[in-house]
Structures are given as C-alpha cells and as structure tokens.
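One-letter residues, chain by chain:
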Amino acid sequence: MRLLPLASALVLAPLATAQLREPGTPATLRADLPADVPVLVVPAGRLPAVRASDPSEPGPFRYGVELAVGRGLADAGRWDTLASGENVWRLELASPGAFSLGVQFARFDLPPGAQVFLYDPGHQEVLGAYGESTESPDGALAVQPLRGDRVVIEYVEPAGTVAEPELVVESLVHDYVDILARMAQGSALGLACLVDVNCPAGANHQDIKRAVVWIVRSGAGCSASILNNTADDGTPYLMTAEHCGNFTSGVFVFDYERSGCSTGTSSQSKTLSGAVRLAVSSFYDGQLYRLNQAIPASYEPFFAGWSRSTLGTPTVGISHPAGNPKKIQIDRQTPFLLNTRWSVQWDVGAIQGGSSGSPLFDANERIIGSLSTGSSGCSINGNYGRFDLFYSTQGLATWLDPLGWDPTGLDGLDGIEPYTHAYHGSGANPELLTSTSEPRLGTSWSAKVDASSVPSATSVLYVGHRQPDEGVFASYGEVLVDLASPRLFEHIAPIVGGFSTHTFALPANLGLVGRVAYSQAFVLGPIVQATNGLKIVLHF
C-alpha cells in the first residue's frame, strides 16, 4: 500500500502571520515621555431610552452608540522623539460614562516597522501592537472594546522612517451596556430557556459550534458562521445576515463560549479584524465575506459544511443571543418552507437580538440558512434565509466551489483535529466502511469494511481520491469518489471472518497537516458491492 502526497494546501496559515496583533511594547512603558497627553472629549449626548436589556426579536444586538471623531496624526495629539530616534505620537480620547470604548480607524496605513497601541491611561490593559500585517484592503480598521471611558492611542515609528503614515480615527463606540462584563459573565438576560452550547443538548455538536462567530461593528453585534469550500483549504469565508449591516471593518470573535453548562466564564480575546464583502442579498438576507487574515489554529476553527438539497431532522441553531456566549437551539421537526425562508420552532433553546446571521444546520450538520427574522422568547420560531437560493442567485460557487465540482452539499473541515466523516451520496449503497481510529500523523490509522452481507466475497479494494463524486451509478452501486481525480492511495486486503481491515502508516510530516482524501471501498467476489464514502482529514 502507498499513501501518495495529497494535493490540497495547508488548512491554516502559520500562526505568526495570522494573528491580529504583532509583538511590541508601547514607548510609554520603555521610555520617559511627558505625561501631558492632549485629551479630546467626545460626549455621548442622549443615550437610547431602552438600554438593550431585552431585545424583542432577532436583529443586531445594540450595546453602544457610534460617535464621530475624524481626527488623527495630522491635526491632533502630540509628537515626541525618543533618544533612539523613534517618533511617538499620542492622543487620549474620552467619552464620559462609557463602560468601554471601541476605536474605529477610517485610515490605517503604516510604514514598515511602525506600530499602534491602545491602552487606558493607567496601562491596566494594552491592545496591540497593530502594524502592517493588520492593514485591510479598504484602509480601515476596527479594534475591539477597551474597558473604561478613556483610551490613549499611541503611534510609534522607527528612526529614519521616510514613508508618510496615515492614521485617522473615524469614530468611538460608547458602550452603555457594559458589553465586556456581559460577555465575561455570560448572563442570559432573563430568558431561562437559553441553553449553553456546552450543556448536554450540545454534546453531539461540539465540532460545528466552532464554526459560529460573534461579530461586532459600530456598537452592534450579530452572529455568523465560517464556511468550508471544495478546495478544503481553510480560506476564511464568513456568512451572516444582510440586515446585520456591513462588516468590512468588523471585529470577529472566535471561541466565545462558557467553559461549562450554565457555569464558568468566557473569553473574547480571540479576535480578527476586517473582511472583504463578496456577495450580498437582501431578498435572501445573506452576506458572504472573506476575512482579511487566516484563522489561527489557536482559535480552534471549524469550517462548516453546507447543503443546497434535502433537509432532515433535527435541525440545530447555534448563536450569540443578546451578545451572550454561544447558545444552542434544537428543533425536532422538519423546517417549514416559507418561500425564501426556512421556519423552525424551537424545542430546546431560544433566539434574541444578536442571534441574527447565525447558522441553521440540517441533520447532516450542514448549513442551510442564516437567521433572518423571528421572535424572542421560549418555544418561539425563527426564520432563516435559504442558503440554497442565496448560493444559486449570487454565484457563491465562485468562492465556495473553486474546484468546480458543483456539489449539492459539502461536509465541514476541522481546522485543529483529525477526523473521518461518512458520506452516502443518494444513500443507495450500504454503510459498510468505517474508521476504527483517528487519522493522526505519526501513527497508524485503520479502516474496516463489514463484508458479511456480500455472499462469497473474497477481498476488498479500498481507494482514496482527491475529489468526491455523486450521482454516478453502476451495477455494483453508486460511485462516491471521482475516479478521474488524482488517486491518493489504493489498497487490497482479504476478508477474514466477514471483515476486511486496511491499515495505513501515516508519516509525521507537517506538510500533510489538514490534507483531505475522499475514499470508498468495493467488496470483490462473484458479486461486487460499492460501500459508503469516508472523508479523511489528517492532523497531529
């Protein structure tokens, strides 16, 4: 047996190039700089009468107001020069009464080696460094909220810098809800039927939960999901609802969930910033983005699969209602079709403002829609914009099907763990092929075929290919691998006691991390029988 080199790219870029922040230390923590930093006060004025305490229906969860600033290096703050020759610019922004402040830059274009930091005047919390690796194609940048009602922005450029920087603060987001405390404590805003994703109801969905993301922009937040594509290459595609607004300068928070069931704290530290909007439809209430940075493995991403065909029960929703850590919703009935929407009524869990844009998964854990409308409360419905129609009308195949397979559905891709996943095409073949272990690099992995139902069978041919297939039928069953794509392995083993075992020695090769194969077995004898398919994803 030979395990041939697999053809797909690494699932994740190296961590050092994917993180939002760069290594660095503010100049104020390593040099003696004057303390009198100019302060620009940006009052919030009249705040909303309803302070987002109980959103009545899905929509963006509003926790803050956006206040115009429009100042930067050229017209505000102070400049100082260190003995090292470094130039340092600082400006303090204040919005009295804010629980936290979010900073949004209209222009963020730095020379090589220059960095930006944000911190409170007492240096209790420092965000940054933000440098060239943080820049977005549109030149903007949004930074996650910093606790308190005062924030200092510090720009540091190396000695001898010639290139002119562009740094302009577009606005401040004045937090009037204390979103950071809410996110850390995981409060449920009074709905007793909200269920943490790490409760028993979510036990069978611990992979797809990692596809759900909390997204924030301009004092409002929604839910979203990251999607797989046919190249299985970890390109960071993200889908949310159109009515959530434009998130090209959004902040995307990963792995935001409570550590236990109705207990434990949560972290909002795993963030990325900025994205390119690829497609949008108000009719199907969908948006597709590509994040500006690859998702670090430490963020534990799962790139969700999607479906354009059948449904099945139960359906599962996972979202961030009212900005809470991830909650799960389950409907045990088949969704009801409402023209451009799938409608569900929850048997477990609930939705609230902030759940908008969250994914609805079918029985195969593939996304079939994003939350569009509904009602807040227990045992209430949610309506999801149909992914199949969003896909077909907005040409999503351009990004989600780069290999041109034209599949009716695609399985998810785990960005951190090895796994196998059975797939069945139309379901015409018996489920005979199973994995007996995880395909971890540096170990041996085995697959087993139960041939006891095939009379006089003598051996089994097990093959792996680069691409799957569907809808091709022969006398022996449905072919679920694309035989024209590169063959990655081929193995024949005898049938002993009704079973055939196929064992593979997986090398400890970093170049194989995240590689994918689609496999199928054929039971040989007087009667030939094709089995189900098995998707294989390699990891350490």
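Look up a bit, the structure's there.
This section reports on the structure supplied with the text. (Residues numbered from 1 in each chain as written. Predicted model: local features only at pLDDT ≥ 70, side-chain atom pairs only at ≥ 80, totals over all residues. Heavy atoms only, no water.)

## Some words on the pattern of salt bridges
Logical step 1: Per the stated rule, a full pass over the model turns up 23 salt bridges.
Logical step 2: In this structure, the salt-bridge partner of Glu-86 is Arg-30, at a minimum N-O distance of 3.0 Å. Of the two residues, Glu-86 sits in the loop between strand E5 (78-81) and strand E6 (87-94) while Arg-30 sits in the loop between helix H1 (15-18) and strand E2 (39-41), which places them 56 residues apart along the sequence.
Logical step 3: In this structure, Glu-417 engages Arg-440 in a salt bridge whose closest nitrogen and oxygen atoms are separated by 3.0 Å. Of the two residues, Glu-417 is situated in the loop between strand E30 (413-414) and strand E31 (419-423) and Arg-440 in the loop between strand E32 (433-435) and strand E33 (444-450); the sequence distance between them amounts to 23 residues.
Logical step 4: The class for Glu-417 is partly exposed, based on a relative accessible area of 31%.
Logical step 5: Taken together, the salt bridges that share partners define one network made up of Asp-36, Arg-78, Asp-80 and Arg-90. (Salt bridge = Lys/Arg side-chain N within 4 Å of Asp/Glu carboxyl O. Helix = DSSP H or I, 4+ residues; strand = E, 2+ residues; numbered from the N terminus. Buried < 20%, exposed > 50% of the residue type's maximum accessible area, 1.4 Å probe, protein only.)

## Examining the state of the cysteines
Logical step 1: Under the counting rule described, the total for this entry stands at two disulfides.
Logical step 2: The partner cysteine of Cys-199 in its disulfide is Cys-261, sulfur to sulfur 2.0 Å. Its torsion about the S-S bond being 90 degrees, the disulfide of Cys-199 and Cys-261 is classed as right-handed. Of this pair, Cys-199 sits in the loop between helix H2 (179-185) and strand E13 (212-217) while Cys-261 sits in the loop between strand E16 (251-253) and strand E17 (271-273), and the two are 62 residues apart along the sequence.
Logical step 3: Shown here is the disulfide that connects Cys-222 with Cys-244, its sulfur atoms set 2.1 Å apart. Residues Cys-222 and Cys-244 share a disulfide whose torsion about the S-S bond is about -95 degrees; that sign makes it left-handed. Of this pair, Cys-222 sits in strand E14 (residues 220-227) while Cys-244 sits in the loop between strand E15 (237-240) and E16; the two residues are 22 residues apart in sequence, bridging distant segments of the chain.
Logical step 4: By relative accessible area, Cys-222 is classed as buried at 0%.
Logical step 5: The class of Cys-244 is buried, set by a relative accessible area of 10%. (Disulfide = S-S within 2.5 Å.)

## Digging into the layout of surface pockets
A water-sized probe rolled over the atoms picks out the places where empty space is left.
Logical step 1: As a volume, the largest pocket reaches approximately 660 Å³.
Logical step 2: Along its surface, the largest pocket is lined by 31 residues, and Arg-366, Tyr-423, His-424, Gly-425 and Glu-470 are the ones closest to its centre.
Logical step 3: Every element with two or more residues in the lining of the largest pocket is listed here: strand E29 (409-410), E31 and strand E35 (468-474).
Logical step 4: When residues of the lining of the largest pocket are assigned to their parent elements, the largest contribution, five residues, is made by E35. (1 Å grid on protein atoms, 1.4 Å probe; cavity = no way out; pocket = protein on both sides within 12 Å on 5 of 7 lines; lining within 4 Å. Points joined across faces, edges and corners; volume = space filled by probe spheres on them.)

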